[in-house]
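Residue-level listing of the chains:
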Amino acid sequence: MRPSARIPGILAGFVLAAGGAFFAAPPAGAAAPTSVQQCEQYVAQHGKQVKDGVGQACYEGQIGNQTSCAASLQAIGYSADVASGACRAAH
């Protein structure tokens, strides 16, 4: 292949790769605050005061670590039922 024919091919590959990454990536920060807020609201709706550490635990649930989320909420004093429901609301 001639060098002059390779350059447009390489550039086209970069454009396709960049475009694919652009369309495949989720919007930065779009889901995180809402999911964490839903988790915190779940705790509040079940008659519990939102304590320090709830936001971090809810973030763990939002990124898919349900076990860590529930364990963290239980460690700061919430029941297993409230903890698992809040973590589901975060995900």
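Located above this text is the structure these notes cover.
Note that residues are indexed from 1 along each chain, following the sequence as it is written. In view of the model being predicted, local features appear only for residues whose pLDDT reaches at least 70, and side-chain atom pairs are presented and counted only at 80 or more, with totals across whole chains, interfaces and linings using the full set of residues. Calculation of side-chain values draws on the structure's entire complement of heavy atoms; hydrogens and water are dropped beforehand.

Chemist: Please clarify how the overall build of the chain should be interpreted in this entry.
Modeler: By definition, any uninterrupted DSSP run of H or I lasting at least four residues is a helix, any uninterrupted run of E lasting at least two residues is a strand, and each is numbered from the N terminus. For the chain, the count of helices and strands is five helices and zero strands. Along the chain, from the amino end to the carboxyl end, the secondary structure elements read α-α-α-α-α. Exposure is judged per residue with a 1.4 Å probe applied to protein chains only, and the accessible area is read against the type maximum: over 50% gives exposed, under 20% gives buried, and values in between give partly exposed. Expressed as a percentage of the 91 residues in the chain, the buried residues total 22%. Here the chain has roughly 6,000 Å² of accessible surface; of this, 61% comes from carbon and sulfur atoms. For every accessible area listed, the method is Shrake-Rupley and the probe measures 1.4 Å; residues are considered covered only by the protein chains on display.

Chemist: When you look at the environment of G77 in this model, what are you seeing that I'm missing?
Modeler: With respect to the element layout, G77 can be found in the loop between α4 (66-75) and α5 (80-90). For the pair G77 and K51, spaced 26 residues apart in the sequence, the C-alpha separation amounts to 9.1 Å.

Chemist: Explanation requested: the packing of aromatic side chains in the structure shown.
Modeler: Between two aromatic rings, the relevant description is the distance of the centres plus the angle of the planes. Two rings from Phe, Tyr or Trp (for Trp, the six-membered ring) form a pair when their centres sit within 6.5 Å of each other. Planes less than 30 degrees apart are called stacked, planes more than 60 degrees apart edge-to-face, and all others tilted. Overall, the coordinates contain zero aromatic pairs when judged by the stated rule. Just above the ring of Y78 sits the side chain of K51; from NZ or CZ to the centre is 5.2 Å. As a reminder, the over-ring test applies to NZ of lysine and CZ of arginine, requiring each to be within 6 Å of the ring centre and within 35 degrees of the ring normal.

Chemist: Whenever I open this one, the packing of helix α3 (residues 54-62) against α4 confuses me. Can you help?
Modeler: Packed helices, taken two at a time, are described by the angle between their axes plus the distance between the axes. Note on method: axes are straight lines fitted to C-alpha atoms, helices fitted across the in-contact stretch only, with angles between N-to-C directions ranging 0 to 180 degrees. Contact pair α3 / α4: the axes reach a minimum separation of 7 Å and the direction vectors enclose 160°. Classed by the angle they form, the pair α3 and α4 counts as roughly antiparallel. Between α3 and α4 lies a crossing of left-handed hand. The segment α3 lies against α4, with V54, A57, C58, E60 and G61 engaging Q66, S68, C69, S72 and L73. As a working rule, the residues Ala, Val, Leu, Ile, Met, Phe, Trp, Tyr, Cys and Pro are called nonpolar, Asp, Glu, Lys and Arg charged, and the rest polar, with Gly in that last group. Residue composition of the contact of α3 with α4, by class: five nonpolar, four polar and one charged. Any angle between 65 and 115 degrees counts as roughly perpendicular, while under 35 counts as roughly parallel, over 145 as roughly antiparallel, and the rest as oblique. Definitions for this section: a left-handed crossing has its near helix turned counterclockwise from the far helix by less than a right angle. A right-handed crossing has that turn clockwise. Note on contacts: a residue pair is in contact if any heavy atoms of the two residues lie within 4.5 Å.

Chemist: Just to check I follow, could you spell out α3 for this structure?
Modeler: One full turn of an α-helix is made of 3.6 residues, so residues set three or four places apart face in the same direction. Of the residues making up α3, those classed as buried are V54, A57, C58, E60, G61 and Q62. Just downstream of α3 lies G64, where phi reads positive at about 105°.

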